[in-house]
Amino acid sequence: MGDVRRVDRAAPPRQRPEPTARWSASTGVGFTPHTAWADLREALSDVAPDPEFTVTDQGGFLEYRAEASCVSVLVVDDEEEERGYRVGHGDVWSVSLWAPVRAD
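Considerations on the environment of Gly84
The topology assignment puts Gly84 in the loop between strand 5 (71–76) and strand 6 (92–97). The exposure class of Gly84 is partly exposed, given its relative accessible area of 26%. A sequence separation of 50 residues divides Gly84 from His34, and the C-alpha atoms of the two residues are 8.5 Å apart.

With respect to helix 2 (residues 37–47)
Residues Trp37, Leu40, Ala43 and Leu44 constitute the buried set of helix 2. Projected down its long axis, helix 2 shows its buried positions confined to an angular sector of 130 degrees, all on one face. The outward face of helix 2, more than 90 degrees from its buried face, is lined by the exposed residues Ala38, Glu42 and Asp46.

Structural notes on the confidence of the model for the chain
On average, the chain scores 78 in pLDDT, and the residues at 70 or more come to 80%. Mean pLDDT values over the elements of the chain span from 63, in strand 1 (residues 4–6), up to 94, in strand 3 (residues 54–57).

A closer look at the side chain of Glu63
Structurally, Glu63 can be placed in strand 4 (residues 61–66). Using a relative accessible area of 14% as the deciding quantity, one classes Glu63 as buried. Only 2.6 Å separates the side chain of Glu63 from the side chain of Ser72, close enough to count as a polar contact. Once you skip the residues sitting within four places of it in the chain, Glu63 turns out to touch Thr54, Val55, Thr56, Gln58, Ser72, Val73 and Leu74.

Describing the pattern of salt bridges
A side chain of one charge can pair with a side chain of the opposite charge if their charged atoms are brought near each other. Counted by the stated rule, this structure contains two salt bridges. The partner of Glu63 in a salt bridge is Arg65, with the nearest N and O atoms 3.5 Å apart. Measuring nitrogen to oxygen at the nearest pair gives 2.5 Å for the salt bridge that ties Arg65 to Glu67. When its relative accessible area of 30% is taken as the criterion, Arg65 is described as partly exposed. The network of salt bridges with common partners includes Glu63, Arg65 and Glu67.

Reading the values: rules and limits
Residues numbered from 1 in each chain as written. Predicted model: local features only at pLDDT ≥ 70, side-chain atom pairs only at ≥ 80, totals over all residues. Heavy atoms only, no water. Helix = DSSP H or I, 4+ residues; strand = E, 2+ residues; numbered from the N terminus. Buried < 20%, exposed > 50% of the residue type's maximum accessible area, 1.4 Å probe, protein only. Arc of directions from axis to C-beta. pLDDT = per-residue confidence, 0-100. Polar contact = N/O pair within 3.5 Å; in protein donor to acceptor, adjacent residues only side chain to side chain. Contact = heavy atoms within 4.5 Å. Salt bridge = Lys/Arg side-chain N within 4 Å of Asp/Glu carboxyl O.

Next up, the structure:
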C-alpha cells in the first residue's frame, strides 16, 4: 500500500500541498498515504540522525513528537484496524509541522 521514496531536496516541489512539499524538501523523504510508520522512520534514519521522539498515547493513536525538528507524527495504535482502503495499525495518520517559537 504505502510507498516511501527519496526526494531530491534541490528540485522544485511538484504540485503538492504546501505541508507535503515542505516535509519532502526539508527531510529528503516523501511518502504516500497508507504508509507504515516503521518504513517511514527507517527511511528518515537513512538521511539524518534519528530524532529524539517523545511518545504519548492519544486514545487510539500514538503521537511521536520531535521538539528539536518541530515535527509531530500521529500513528494508528488500534490493533483491530487492518490496512485496506484506509490506514491500519502502525500506519501514519497525520504529520504536523510547526515553526519554532521565537522569544523576541
